[in-house]
Amino acid sequence: MKTSQLDSLDPELRAPLEELLGKYPGGVYAIEDLAERRRIDALHAAQMNEAVKAAQTCSTEDVQVPGPTGCAPVPLRIYRPRNLQPASPAVFFIHGGGMCLGDLDYEHATAVKICEELGVLVVSSGYRKAPEHPHPAQVDDCYAALCWMSGNATSLGFDPESLAIFGGSAGGNLALATALKARDLAGPDLAYIMALYPMVDHRHTTPSAHQITDIGVWDRKTNIEAWKWFLAGQAPDGYAAPLHAEDLTGLPPTFIDVGTADAFRDEDIALTQRLLAAGIPTELHIYPGVYHAAEHFAPDAEAARHMWTVRIRALCKALRIQPAPTDTEGPGHHN
């Protein structure tokens, strides 16, 4: 399996990807039937969560909270670390999945990692999926959940003035979009945005959007399909495609990271430039030889461990907390 794209990858990250491609030619996201794609994706998530659930020290509680007006409740999972300190910071967490995949189990390992290594409350939000529910269902659900979390800060036991929002891929899009909506609707206040390789541009016109065609993880074809389902023929607003939001001022400090072999590379660089031009303190990391969500496929790889070290350090600095003295091994799920 020799292609110029695969040959550009970090060898430690390439090995598990080639194993996956051997089982699913083109990758899981190349499976045409969406129901089957969802089934296999959920099965992989469950398998990777087994060890995490057996070893985790934080507690979890699944709840349903009021959704947008006239819509179904939003499912949330609340993660509480052992020895949670009163009025400590907290993280509002949004999973990825291209707007069409995933649930509260999808990135359970990542939510556990953040909760335990930072020692803070984490609230993970579900949301409706495309194509059954196109934009703005996703951001509306996340915003309703964020409002519930902020409004219940006292009973949940965290400081509402020290609340970060976190998401990767589609979750990175929704973290940015939810922050924009919170700005536009005068709250809740957010202290920090961490958007990992966010999905922010619907146009597919950048060099990286053309280059990444056969990695097997969120390639060009899959991304075009996901945006088609997500927008359902609508012209995107700034909440759908945050790169094209008319005004990015007023957002909190933001962290973005992306790999050189990620289709989102160039749109994430462009977003960083727009954030900086809008006066938003923004930190960008670009990792050589790293494909989309690689740390979930190869959590023990040196590159994955390094990425998580940088992320945890940035969250601790932004939220003014001391990191827990634990290993920074990466969690396990994708997109």
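The preceding data block contains the structure.
Residues numbered from 1 in each chain as written. Predicted model: local features only at pLDDT ≥ 70, side-chain atom pairs only at ≥ 80, totals over all residues. Heavy atoms only, no water.

(A) Local environment of the side chain of serine 208. The topology assignment puts serine 208 in helix α8 (residues 207-211). Judged by its relative accessible area of 0%, serine 208 falls in the buried class. Aside from chain neighbours lying at most four places away, what touches serine 208 is Asp262, Ala263, Phe264, Arg265 and Asp266. (Helix = DSSP H or I, 4+ residues; strand = E, 2+ residues; numbered from the N terminus. Buried < 20%, exposed > 50% of the residue type's maximum accessible area, 1.4 Å probe, protein only. Contact = heavy atoms within 4.5 Å.)

(B) Spatial organisation of the packing of helix α3 (residues 34-55) against helix α4 (residues 108-118). For the pair α3 and α4, interaxial distance at closest approach is 9 Å and the crossing angle is 30°. Classified by the interaxial angle, the pair formed by α3 and α4 is roughly parallel. Considering only the axes of α3 and α4, their crossing is left-handed. Contacts between α3 and α4 involve Asn49, Val52 and Lys53 from the former and His108, Ala109 and Val112 from the latter. For the contact of α3 with α4, the residue count by class is three nonpolar, two polar and one charged. (Axes fitted to C-alpha atoms, helices over the stretch in contact; angles between N-to-C directions. Parallel < 35°, antiparallel > 145°, perpendicular 65-115°, else oblique. Left-handed = near helix turned anticlockwise from the far one by under 90°. Nonpolar A, V, L, I, M, F, W, Y, C, P; charged D, E, K, R; others polar.)

(C) Local environment of the environment of phenylalanine 92. Within the secondary structure, phenylalanine 92 is located in strand β3 (residues 88-94). Judged by relative accessible area, phenylalanine 92 falls into the buried class, the value being 0%. The sequence separation of phenylalanine 92 and alanine 111 amounts to 19 residues, and the corresponding C-alpha distance is 9.6 Å. Contacts of phenylalanine 92, omitting those with residues within four sequence positions, involve Val123, Ser125, Cys142, Ala145, Leu146, Met149, Leu163, Ala164, Ile165 and Phe166.

(D) Geometry of the packing of aromatic side chains. Evaluation of the coordinates by the stated rule reveals five aromatic pairs. Each ring, one from phenylalanine 166 and one from tryptophan 308, has its centre 6.4 Å from the other, and the planes form 15°; the classification is stacked. Separated by 142 residues along the polypeptide, phenylalanine 166 in strand β5 (residues 158-168) and tryptophan 308 in helix α12 (residues 302-319) bring together distant segments of the chain. Both residues of the pair, phenylalanine 166 and tryptophan 308, count as buried. Taken together, Phe93, Phe166 and Trp308 form an aromatic cluster joined through their ring pairs. Geometry around tyrosine 127 places lysine 129 over its ring, the cationic atom sitting 4.2 Å from the centre. The positively charged end of arginine 311 is found above the aromatic ring belonging to tryptophan 308, 4.8 Å away from the centroid. (Phe/Tyr/Trp six-rings, centres within 6.5 Å; stacked < 30°, edge-to-face > 60°. Lys NZ or Arg CZ within 6 Å of the ring centre and 35° of its normal.)

(E) View of α3. Spanning 22 residues, α3 covers 32 Å between terminal C-alpha atoms, matching the ideal 32 Å at 1.5 Å per step. The sharpest bend along α3 comes to roughly 35°, located at asparagine 49. Of the surrounding secondary structure, the elements contacted by the buried residues of α3 are α2 (11-23), α4 and α9 (220-231). (Expected span 1.5 Å × (residues − 1). Bend = angle between axes of the 7 residues up to and from the residue.)

(F) Broad picture of the packing of α4 against α12. In contact at an axis separation of 11 Å, α4 and α12 are set at 55° when each is read in the N-to-C sense. Taken together, the axes of α4 and α12 are oblique relative to one another. Both α4 and α12 take part in a crossing whose hand is right-handed. Across the interface between the two elements, Thr110, Lys113, Ile114, Glu117 and Leu118 of α4 pack against Trp308, Ile312, Leu315, Cys316 and Leu319 of α12. Looking at the contact of α4 with α12, its residues break down into seven nonpolar, one polar and two charged.

(G) Local environment of the sheet that holds strand β1 (residues 59-65). Spatial strand order, β1-β2-β4-β3-β5-β6-β7-β8: eight strands in an open sheet with mixed pairing. Of all strands in the sheet, those with a lone pairing partner are β1 and β8 (282-291), marking the two edges. In this sheet, neighbouring strand axes are inclined to one another by 20° on average, regardless of whether the strands run parallel or antiparallel. Taken together, the four bridges between strand β6 (residues 192-196) and strand β7 (residues 254-261) define a ladder with parallel strand orientation. Within the sheet, the bridge partner assigned to methionine 194 lies in β7 and is phenylalanine 255. Relative to the sheet, α4 contacts β1, β2 (74-80), β3, β4 (121-125) and β5, its axis offset from that of β2 by approximately 40°. Contacts from helix α10 (residues 265-277) reach β7 and β8, with the element oriented near 150° to β7. (Pairing = 2+ DSSP bridges.)

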